[in-house]
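Residue-level listing of the chains:
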Amino acid sequence: MRHGSIPGARGRVRPLTLLGDAVLREPCRDVTDFGPGLADLVEDLFATMYAARGVGLAANQIGVGLRVFVYDCPDDEDVRHLGHVVNPRLVEADGVVVRGPEGCLSLPGLEAGTERYDHAVVEGLTMTGDPVTVHGTGFFARCLQHECDHLEGRVYADHLTGWRRRRLLRQVSRASWGRAGTPA
């Protein structure tokens, strides 16, 4: 992105993959080509995230099995965090475990109380290959953990147990986009 440009302004909105699509369950591959195609992917991720009114989006959520995610997410103090990470690694997830409402653009219209740490650190690269470290607290820490999970082939439903998990699975099976028998 050029200095001063709006993320996603040059991107195209792509269809979202939904729970049940195989690409959501496979670990993503590391990015090795830092050329114009990667910049286009990041732009498309931002455009798609904004169109869907999300706060984060991983590449496999638009059907691309590469380790990339974007975010435009507030923390608990309403400080806005905006950026992208290529080949991210969750290097810290600690602090207090908080159960809070969590949703996902790949499970549209649903959410469940999901436990996450209130502090997270992600290391990776920018689209130009420069190292980046992202620190998050509160809701932004939740977002970072959520997006890193996606790139490992996991969704927030995988963190649920008991009645929360059963309720979400029932909601998935009843959703207009849900697929009968899709395990979360």
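None of these values were measured; they are calculated from a predicted model.

Engineer: Help me out: how do you make sense of the pattern of salt bridges in this one?
Structural biologist: If the charged atoms of two oppositely charged side chains come close together, the side chains can form a pair. Counted under the stated rule, the structure contains 12 salt bridges. With a shortest N-O distance of 3.7 Å, Arg-12 and Asp-44 are connected by a salt bridge. In this pair, Arg-12 sits in the segment before α1 (36-52) while Asp-44 sits in helix α1, placing the two residues 32 residues apart along the sequence. Here Glu-152 ties to Arg-67 by a salt bridge, and the two come within 2.9 Å at their closest N and O atoms. Within this pair, whereas Glu-152 is found in the loop between α2 (138-151) and α3 (162-174), its partner Arg-67 is found in the loop between β1 (56-58) and β2 (68-74), the two being separated by 85 residues in sequence. Look at Glu-152 and you get partly exposed, because its relative accessible area is 33%. Overall, Arg-67 belongs to the buried group, its relative accessible area being 4%.

Engineer: I'm lost on α2 in this one. Help?
Structural biologist: Residues lying three or four places apart along an α-helix face the same way, a consequence of the helix completing one turn every 3.6 residues. Between its first and last C-alpha, α2 extends 21 Å over 14 residues, near the 20 Å set by a 1.5 Å rise per residue. Most of α2 is tucked away: 13 of the 14 residues are buried. Where α2 terminates, the next one or two residues include Gly-153, which has phi positive at roughly 85 degrees.

Cut-offs and rules
- Residues numbered from 1 in each chain as written.
- Predicted model: local features only at pLDDT ≥ 70, side-chain atom pairs only at ≥ 80, totals over all residues.
- Heavy atoms only, no water.
- Salt bridge = Lys/Arg side-chain N within 4 Å of Asp/Glu carboxyl O.
- Helix = DSSP H or I, 4+ residues; strand = E, 2+ residues; numbered from the N terminus.
- Buried < 20%, exposed > 50% of the residue type's maximum accessible area, 1.4 Å probe, protein only.
- Expected span 1.5 Å × (residues − 1).

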